[in-house]
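What follows is the residue order along each chain.
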Amino acid sequence: MHQDQDILDNISTGIIALDAQLCVVALNAAGQALLEISETRYVGCHARQLLLQPDNLLHGLQQVAREKSPLSQRGISLMLLGGQEIHVDMMVTPVSESQCDIALLVEIQPVDRLLKISREEGLIHSQETTRAVIRGLAHEIKNPLGGVRGAAQLLARALPDESLTEYTQVIIREADRLRDLVDRLLGPNQKLNLQQRNIHEVLEHVCNLITAESNNQVTIVRDYDPSLPEFPADRAQMVQAVLNIVRNALQAAESPRQCQITLRTRAQRQLTVGAVRHRLGCRVDIIDNGPGVPDDLLHAVFAPMVTGRADGTGLGLSIAQSIINRHGGLLECESSPGLTRFTIQLPMECKNAQTD
Ligand SMILES: Nc1ncnc2c1ncn2[C@@H]1O[C@H](COP(=O)(O)OP(=O)(O)O)[C@@H](O)[C@H]1O
Ligand SMILES: [Mg+2]
């Protein structure tokens, strides 16, 4: 038991073990620090005594105790006894056949609301706003551009001197370049071709592409949950989204040889996207060991045309995000030097995926 306590205290996630009456059996060091309470004083106390406003917590605990299935809640706010409010991700797991009266395990992880691109509805709205602005702008640019191009073609035919067509060709070529840029800004607009797909098949395809691109030098670590079921997805677009993320990791690395990319898949119960709750989701973490997203880009890394590379377009992540969103999912990023993690979360029933 002593050794167990040692292990518990070295975990950075706050852990509270509760008995069937929701009284505290154990509380690890991270949990004590997070809730600003001491284990010695609170062992045996009811969970409601841990917080100033325990309703959020109690509600989750009672639900898990009743339904005997795990619950994960993201970004919930807890009011500490001292009156301070913290934001956490919380996972409650029922424990069956415990030898020491533990009925529920609560894992609590603080959410750094500034660094982490959050899943708040506000964020989803602001992404929609950005996309609407781009659509409007694209429309305004493409129409006159078509006119300019057509006029240059007419002019080319009417020019008395053949050598002058060099100039009309410049106009046509640059108009085409602008049109392509605008199209890429708009992102993929084909209908999603949804078919039952295995996420690992998509990831393996991306691995093959990126291995070839790096001359077989990049190290890819696979940490898959093979039990993940198939779900409706557009394979080509999903490959595009993951490839854009993985390719960034390769490009950010000092050299391909030093680049290690971990692909991790997990099932996720209770995935909330905006106001929609899904019973089952899948989570894909794409982790690299490179220098990290530059600080000044992190807050806007998904916005189109935001780039940290001299030859970048800043469209890769914006396109990836729009593909994931159209599948009803979320794409988030956390980054510090040596550890950058892009997290894709996808609902596996896909009820809310847009198909147009
Ligand atoms: N894994 C990563 N590590 C470090 N920086 C990254 C990573 N992924 C993205 N970035 C940063 O985000 C920027 C935007 O990426 P992206 O939208 O794909 O556009 P582009 O690759 O054309 O610059 C990149 O230029 C880079 O600065
Ligand atoms: Mg890119």
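Since the structure is predicted, the reported quantities are computational estimates derived from the model, not experimental observations. (Residues numbered from 1 in each chain as written. Chains lettered and ligands numbered in written order. Predicted model: local features only at pLDDT ≥ 70, side-chain atom pairs only at ≥ 80, totals over all residues.)

Draft legend 1. Quick look at the sheet that holds strand S12 (residues 330–336). Pairing is mixed in the open sheet, where five strands are placed in the order S8-S10-S11-S13-S12. If you trace the sheet from one side to the other, it starts and ends with strand S8 (219–223) and S12, each paired once. When the angles between neighbouring strand axes are averaged without regard to direction, this sheet yields 20°. Direction of pairing for S8 relative to strand S10 (residues 260–273): parallel, over a ladder of five bridges. Following the sheet pairing, Val-221 is matched in S10 by Thr-262. (Pairing = 2+ DSSP bridges. Helix = DSSP H or I, 4+ residues; strand = E, 2+ residues; numbered from the N terminus. Axes fitted to C-alpha atoms, helices over the stretch in contact; angles between N-to-C directions.)

Draft legend 2. Structural detail: the domain arrangement of the protein chain. According to the domain assignment, the protein chain contains domain 1 (2–110), domain 2 (121–186) and domain 3 (195–347). Placing a centre on the C-alpha atoms of domain 2 and another on those of domain 3 gives a separation of 31 Å. (Domains from an automatic or database assignment.)

Draft legend 3. View of unusual backbone geometry. Despite not being glycine, Glu-36 has its phi angle at roughly 55°, a positive value. Summarising the element assignment, Glu-36 is placed in the loop between helix H2 (29–35) and helix H3 (39–42). Given 11 C-beta atoms within a 10 Å radius, Glu-36 is considered exposed. (Buried ≥ 20, exposed ≤ 12 C-beta atoms within 10 Å, placed from the backbone.)

Draft legend 4. Up close: the sheet that holds strand S1 (residues 14–18). Strand order in this open sheet of six strands is S2-S1-S6-S5-S4-S3, and the pairing throughout is antiparallel. Unpaired on one side and paired on the other, strand S2 (24–27) and strand S3 (51–53) mark the two borders of the sheet. Sheet twist, expressed as the mean angle between neighbouring strand axes with direction ignored, is 40°. By the bridge criterion, five bridges tie S1 to strand S6 (residues 104–110) in an arrangement that is antiparallel. In the strand pairing of S6, Ala-17 is matched with Leu-105.

Draft legend 5. A look at the nonpolar core. Within the largest apolar cluster, 37 residues are counted, with the highest numbers of intra-cluster contacts made by Val-242, Val-246 and Ala-320. Ranked by the residues each element gives to this core, the list is headed by helix H8 (residues 235–252), at six residues. The next biggest cluster of nonpolar side chains, apart from the first, holds 24 residues, and it includes Leu-27, Met-90, Met-91 and Leu-104. (Core = buried A, V, L, I, M, F, W, Y, C linked by C-beta atoms within 7 Å.)

Draft legend 6. Inspection of the packing of H8 against helix H10 (residues 316–326) at higher detail. Between H8 and H10, the least distance of the axes is 9 Å, while the angle of their chain directions is 145°. Crossing of H8 over H10 shows left-handed handedness. Packed against H8, whose contacting residues are Gln-237, Met-238, Gln-240, Ala-241, Asn-244, Ile-245, Arg-247 and Asn-248, the element H10 presents Gly-316, Leu-317, Ile-319, Ala-320, Ile-323 and Ile-324 at the interface. Split into classes, the residues belonging to the contact of H8 with H10 amount to eight nonpolar, five polar and one charged. (Left-handed = near helix turned anticlockwise from the far one by under 90°. Contact = placed C-beta atoms within 7 Å. Nonpolar A, V, L, I, M, F, W, Y, C, P; charged D, E, K, R; others polar.)

Draft legend 7. Focus on the site of ligand 1. The full set close to ligand 1 counts 23 residues, and Asn-248, Thr-307, Gly-308, Gly-312 and Gly-316 are the nearest of them. At the level of elements, H8 and H10 are the ones that each hand at least two residues to the shell around ligand 1. With four residues, H8 is the largest single contributor of residues to the shell around ligand 1. Grouping the constituent residues of the shell around ligand 1 by class yields nine nonpolar, twelve polar and two charged. (Near = placed C-beta within 6 Å.)

Draft legend 8. Fine view of the pairing of strand S11 (residues 276–288). Note that S10 and S11 share twelve bridges and pair antiparallel. Bridge assignment links Val-273 to a residue of S11, and that residue is Val-276. Alignment of S11 against strand S13 (residues 339–347), held across eight bridges, turns out to be antiparallel. By the bridge assignment for S13, Cys-282 is matched with Leu-346.

Draft legend 9. The environment of Pro-291, seen in detail. Its location among the elements puts Pro-291 in the loop between S11 and helix H9 (295–298). A sequence separation of 47 residues divides Pro-291 from Gly-338, and the C-alpha atoms of the two residues are 5.4 Å apart.

Draft legend 10. Representation of the packing of helix H7 (residues 199–213) against H8. Taken N-terminus to C-terminus, the directions of H7 and H8 make an angle of 45°; their axes are 9 Å apart at the nearest point. What the angle tells us is that H7 and H8 run oblique. Where H7 crosses over H8, the two elements pack in a sense that is right-handed. For the pair formed by H7 and H8, the contact residues are Val-202, Leu-203, His-205, Val-206, Leu-209, Ile-210 and Glu-213 on the first element and Arg-235, Met-238, Val-239, Val-242, Leu-243, Val-246, Arg-247 and Leu-250 on the second. Classifying every residue of the contact of H7 with H8 by side-chain character gives eleven nonpolar, one polar and three charged. (Parallel < 35°, antiparallel > 145°, perpendicular 65-115°, else oblique.)

Draft legend 11. Structural view of H7. For H7, built from 15 residues, the straight-helix expectation of 21 Å at 1.5 Å per residue is met to within 8% by its first-to-last C-alpha distance of 21 Å. Where H7 is concerned, the buried positions are Ile-199, Val-202, Leu-203, Val-206 and Ile-210. In an axial view of H7, the angular spread of the buried residues amounts to 95°, which keeps them on one side of the axis. Exposed residues pointing more than 90 degrees away from the buried face of H7 are listed as Glu-201, Asn-208 and Ala-212. Where H7 is buried, its residues contact strand S7 (195–197), H8, S10 and S11. Trailing H7 by a residue or two, Asn-215 shows a phi angle of about 55°, which is positive. (Expected span 1.5 Å × (residues − 1). Arc of directions from axis to C-beta.)

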